[in-house]
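# A structural walkthrough
Spelled out from the first residue to the last, the chains are:
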Amino acid sequence: DTGVSQDPRHKITKRGQNVTFRCDPISEHNRLYWYRQTLGQGPEFLTYFQNEAQLEKSRLLSDRFSAERPKGSFSTLEIQRTEQGDSAMYLCASSLSRGRKAGANVLTFGAGSRLTVL
Amino acid sequence: KQEVTQIPAALSVPEGENLVLNCSFTDSAIYNLQWFRQDPGKGLTSLLLIQSSQREQTSGRLNASLDKSSGRSTLYIAASQPGDSATYLCAPQSGAGSYQLTFGKGTKLSVIP
């Protein structure tokens, strides 16, 4: 397994356009998280899936944001009608739920997808 | 709402020194606490996870302690090396059915050769 993969690594778009990010987690991990990070700040929680179910959503996730994890494998994060304030690094992470193997609950992060909205 | 503070915000030390990074959090009802490092422009790399029932966890030159009741954790780095230069982030993980991690802003460490 090559870890958590995110695509694209960089995206530049014009305000008002839609963008979609993809995350491929570690195959045996049942939990998947999306975080957003701006310069000089720690990552902020956006949403979390256990298998295909979206169990938690932050208030940061406005109605312009939607995330899916069909079949409990890869996940997509779509931002509609992008605004300049959406410019950030979007980080995906995955983990095993507790009670399984050693290393449960340790989050493995991808390299991130950097969004620039002009 | 969980709030996490990390002190200092930045730290510069000569190679070989031992150092301590501090993390405090407001809600002690946590499931675990994780420490990560982040290199510029990159994702996060997990360093240590301390369960809420544990007092400390060690990995190589790193030792993390947890005092859940007082809402504090420390990361001790022994014999620092230039390759340790990065931003270090702590993140308590909520319990009670929520599994989100709340991150501090991090401590930016520079180890000078």
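The present account deals with the structure reproduced in this document.

Attention shifts here to the state of the cysteines. Applying the stated rule across the entire model yields two disulfides over all chains. Covalent S-S linkage joins Cys-23 of chain A and Cys-92 of chain A, the inter-sulfur distance amounting to 1.9 Å. Between Cys-23 of chain A and Cys-92 of chain A, the S-S torsion sits near -70°, and that sign places the bridge as left-handed. Of this pair, Cys-23 of chain A sits in strand S3 (residues 19–24) while Cys-92 of chain A sits in strand S9 (residues 88–95), and the two are 69 residues apart along the sequence. A single burial state applies to Cys-23 of chain A and to Cys-92 of chain A, both of which are buried. Each sulfur in the disulfide pair Cys-23 of chain B and Cys-90 of chain B lies 1.9 Å from the other. Residues Cys-23 of chain B and Cys-90 of chain B are joined by a disulfide whose S-S torsion is about 65°; by sign, that bridge is right-handed. With a gap of 67 residues between them, Cys-23 of chain B in strand S3 (residues 19–25) and Cys-90 of chain B in strand S9 (residues 86–94) connect regions that are remote in the sequence. Take Cys-23 of chain B: its relative accessible area is 2%, and that puts it in the buried class.

Attention shifts here to the pattern of salt bridges. Between side chains of opposite charge, a pair can form when the charged atoms approach closely. For the coordinates displayed, the defined rule picks out five salt bridges over all chains. One salt bridge in this structure joins Arg-37 of chain B and Asp-39 of chain B, with 2.8 Å as the shortest N-O distance. By relative accessible area, Arg-37 of chain B is classed as buried at 15%. Connected through salt bridges with shared partners, the residues Arg-64, Glu-83 and Asp-86 of chain A form a single ionic network.

Before going further, it helps to spend a moment on the interface of chain A and chain B. Chain A puts 23 residues into the contact, and the matching count from chain B is 20 residues. Between chain A and chain B the total buried area reaches about 1700 Å² when both faces are included, carbon and sulfur atoms providing 51% of it. Viewed at the interface, chain B and chain A are joined by six residue pairs in polar contact (both at pLDDT 80 or more). When contributions to the side of chain A that touches chain B are tallied by element, the ones reaching two or more residues are strand S4 (31–37), strand S5 (44–50) and S9 of chain A. If one sorts the elements of the side of chain A that touches chain B by residue count, S4 of chain A sits on top with four residues. By residue class, the composition of the side of chain A that touches chain B is twelve nonpolar, six polar and five charged.

Rules used in this analysis
Residues numbered from 1 in each chain as written. Chains lettered and ligands numbered in written order. Predicted model: local features only at pLDDT ≥ 70, side-chain atom pairs only at ≥ 80, totals over all residues. Heavy atoms only, no water. Disulfide = S-S within 2.5 Å. Helix = DSSP H or I, 4+ residues; strand = E, 2+ residues; numbered from the N terminus. Buried < 20%, exposed > 50% of the residue type's maximum accessible area, 1.4 Å probe, protein only. Salt bridge = Lys/Arg side-chain N within 4 Å of Asp/Glu carboxyl O. Contact = heavy atoms within 4.5 Å. Buried area = accessible area lost by both parts, 1.4 Å probe. Polar contact = N/O pair within 3.5 Å; in protein donor to acceptor, adjacent residues only side chain to side chain. Nonpolar A, V, L, I, M, F, W, Y, C, P; charged D, E, K, R; others polar.

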